[in-house]
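Tertiary structure, described
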Amino acid sequence: MLQLRTQLLYNIHMFNSCYPLPHTTASPFLMSKCDQIFWAATTIALAVSLLQGAITALVKISEREGSWTIRFSLARREHLWWAAIALALVASFGCMVLSFLVGKRLLPLSCPSASSLAVFRYAWPAWRNRHYCSNRWAAWTGPSRTGIHASLVPLIEGNDPWPILSKNIPVMRRHPVDIHLPIFKSNLIIDDVTDILKAKKRLVTEKQPDEKSKTPKKLLVPDDKTGLYAPIHPEKSASLLWGSHIGFTPRVSRGILAVPQRLLRPPPFTSSGHDGQPVCLAHGILARNKGLEPHTFILGLNPGTLEEKCVQWPRPSKVLRTYYREEMNAAYGGLGPIFVDVATELALLLADSSHSLIEDWLSLRMEHQDLVLNNQLARLGASDEELKVLYRLSYAAMLVSLSAHRKGRKWRPEIKLFTAYWKKCKGEVPAWMGEAAVVERIGKEESGAGDTDLDALIEAVLCKIDTPRSV
């Protein structure tokens, strides 16, 4: 970018220092028009230089200070403003050519050089990466699953509580990751959900210092906008899914603070020098959907079967498994080998998926355990043990979902996966499996699979689970 700005400023300097061509016989009218064209070209070149410099400075500042919400938001539109800069430079070059043909001034050779640099060095790569930048935004700013401390859970009550909870709380200092560009006013909540609850708790304590917080009874959470997963018990932490679907402004997950800079700046690379785009997307997804006990996830993966039966077959990126595993082990090794296996397979699936498939999959929130299904099964009488198994299988369901995804497919195979696991490790399925709503859900999970063998994919993620495991 610095090279382009230097070319532009040199172009302006050369253009202003040119002399009239010798033996010029142009009429005064043509000379006047030539002057107008000359100043138009100079103005365009100067404006482009200032605009490009301002944008470059904003990009560098946001990267240096960790304002990744701003940086990723700019990247979504990077192809547009680079295209505008390239078009402006081409227009400036056209004006200079006209001025040269009229005979007023010489044609600086730096102008076509700057134009070609803007087009082929910046605009064209930015245009090619526009889908990745869009998916990166979705992967990092989608809904987040957060653990809520037991003392804060009683504050979340009623239908659509968040607009009420976020009002009249003290202005909080935001983390650099959360900061947005204040260009357009929005009615969405801009604060972090845990910050809101902590501030509300302080206000309640100050008003009623002697009154202990009321603890909720065991709740079966309805399908409202609380975002809470069942079960909820007094004096125990709860799991909350929050984001734009319940009124919060999208922002990059704070989990990005643990990601190496080489994966966040263009072009991203792994530590082994391979393409880092799918790894960056996987980090964004995994930063948002862990839940309360990520070290307890269930997975018995058979990579060969999953590769053969998924819609991404023949999976050319499978040769990168060793390199991606090293990357994921460095990031998630503390959460156990199963988490590393999931992270590696997720990155490989993303590497072999089209941009449009990833976009559709993320837009349907398929990376998350189905909150509505969780609430529904709790109301149907699912036990805490059964709900916990559904959570522990959520990452296996994520892999199966992406492996079988087609545009328009809206249902994660959570019940089918639960049924297969329960029969394999527990025996007889729970009574609520016979409910009409559950039978209907199974039909939805099977619909839209086309020629994909969903049962084979489920078997591939449960293959190495041979004996019952305690839950």
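Residues numbered from 1 in each chain as written. Predicted model: local features only at pLDDT ≥ 70, side-chain atom pairs only at ≥ 80, totals over all residues. Heavy atoms only, no water.

1. Concerning the overall build of the protein chain
Heads up, the rule is: Numbering of helices and strands runs from the N terminus, with a helix taken as a DSSP run of H or I at least four residues long and a strand as a DSSP run of E at least two residues long. Here, residues are in contact when the closest pair of their heavy atoms is within 4.5 Å. Here the accessible surface of atoms and residues is derived via Shrake-Rupley with a 1.4 Å probe, and residues count as covered only by protein chains that are part of the display.
Counting secondary structure elements, the protein chain contains 19 helices and two strands. A separation of at least 24 residues holds for 81% of the contacts in the protein chain among residues at least 6 apart in sequence. Carbon and sulfur atoms make up 58% of the accessible area of the protein chain, which amounts to about 22,500 Å² in all.

2. Here's the deal with the packing of aromatic side chains
For clarity, the threshold we go by: Paired rings are identified among Phe, Tyr and Trp, the last through its six-membered ring, by centres lying within 6.5 Å, and are further divided according to the angle between planes into stacked (under 30 degrees), edge-to-face (over 60) and tilted (the rest). By definition here, charges over rings are those cases where NZ of Lys or CZ of Arg is within 6 Å of the ring centre and within 35 degrees of the ring normal.
Considering all chains together, one arrives at eleven aromatic pairs under this definition. Between W242 and F248 the ring centres are 5.0 Å apart and the planes differ by 75°, which places this aromatic pair in the edge-to-face class. With centroids separated by 5.3 Å and ring planes inclined at 50°, the aromatic side chains of F339 and Y395 adopt a geometry described as tilted. Here F339 is found in helix 12 (residues 337–351), whereas its partner Y395 is found in helix 16 (residues 394–403), with 56 residues between them in sequence. Taken together, the ring pairs in this structure connect F297, Y332, F339, Y391 and Y395 into an aromatic cluster. Over the aromatic face of Y229 sits the side chain of R145, whose NZ or CZ is 3.7 Å from the ring centroid.

3. Looking at the confidence of the model for the protein chain
As a reminder, the rule being used: You can read pLDDT as the predictor saying how much it trusts each residue, on a scale of 0 to 100.
Per-chain confidence: the protein chain averages 84 in pLDDT, with 82% of residues scoring 70 or above. Least confident of the elements in the protein chain is helix 1 (residues 2–16), whose mean pLDDT is 48; most confident is helix 9 (residues 277–286), at 98. Across residues 7–25, where pLDDT falls below 50, the model places 43 contacts with residues more than four positions away in sequence or in other chains. Segment residues 211–218 is flagged for pLDDT under 50; beyond a separation of four residues in sequence, or across chains, it makes 13 contacts in the model.

4. Focus: a nonpolar patch on the surface
Basically, it comes down to this: Patch rule: a residue counts if its relative accessible area is over 30% and it has no salt bridge; like charges are joined within 9 Å, and nonpolar side chains (Val, Leu, Ile, Met, Phe, Trp, Tyr) within 5 Å. We count a salt bridge whenever a side-chain nitrogen from Lys or Arg sits within 4 Å of a carboxyl oxygen from Asp or Glu.
There is a patch of nonpolar side chains on the surface, built from L58, L181, I183 and F184 and spanning about 420 Å² of accessible area. Relative to the elements of secondary structure, F184 occurs in the loop between helix 7 (162–165) and helix 8 (193–207).

5. With respect to the pairing of strand 1 (residues 144–148)
To keep it simple, the criterion reads: Here's how the labels work: a residue is buried when its accessible area is under 20% of the maximum for its type, exposed when over 50%, partly exposed in between, all with a 1.4 Å probe on protein chains only. Pairing between strands is defined by DSSP: at least two bridges between the two strands are required.
Most of strand 1 is tucked away: four of the five residues are buried. As paired elements, strand 1 and strand 2 (residues 238–242) share five bridges and run antiparallel to each other. Considered in strand 2, the bridge of S144 is made with W242.

6. Examining the pairing of strand 2
Across the five residues of strand 2, five count as buried, placing the element largely inside the fold. Covered by surrounding structure in strand 2 are A238, L240 and W242 together with S239 and L241, the residues of both alternating faces.

7. Considerations on the packing of helix 15 (residues 384–392) against helix 17 (residues 414–425)
Packed helix pairs are specified by the crossing angle of their axes together with the interaxial distance, meaning the distance between the axes. For clarity, the threshold we go by: Axis angles are defined between N-to-C directions and span 0 to 180 degrees, where every axis is a line fitted to C-alpha atoms and, for a helix, only to the segment in contact. For classification purposes, angles smaller than 35 degrees are called roughly parallel, those larger than 145 roughly antiparallel, those between 65 and 115 roughly perpendicular, and all remaining angles oblique. Here is the rule for handedness: rotate from the far helix to the near one, and if that takes an anticlockwise turn smaller than a right angle the crossing is left-handed, while a clockwise turn gives right-handed. Throughout, the ten residues Ala, Val, Leu, Ile, Met, Phe, Trp, Tyr, Cys and Pro are labelled nonpolar, Asp, Glu, Lys and Arg are labelled charged, and all others, Gly among them, are labelled polar.
Close contact between helix 15 and helix 17 brings their axes to 10 Å; oriented N to C, the two are set at 115°. Classified by the angle their axes make, helix 15 and helix 17 are roughly perpendicular. Note on packing geometry: the crossing formed by helix 15 with helix 17 is right-handed. Of helix 17, the residues touching helix 15 (which contributes E385, E386, V389 and L390) are E414, F418, Y421 and W422. The class makeup of the residues in the contact of helix 15 with helix 17 is five nonpolar, no polar and three charged.

8. Notes on the pattern of salt bridges
Summed over the entire model, instances satisfying the criterion amount to 24 salt bridges. A salt bridge links R265 to E63, with the nearest nitrogen and oxygen atoms 3.3 Å apart. With R265 in the loop between strand 2 and helix 9 and E63 in helix 2 (residues 28–64), this residue pair connects regions lying 202 residues apart in the sequence. For R265, a relative accessible area of 37% gives the class partly exposed. In this structure, K416 and D455 form a salt bridge, with 3.2 Å as the shortest nitrogen-oxygen distance.

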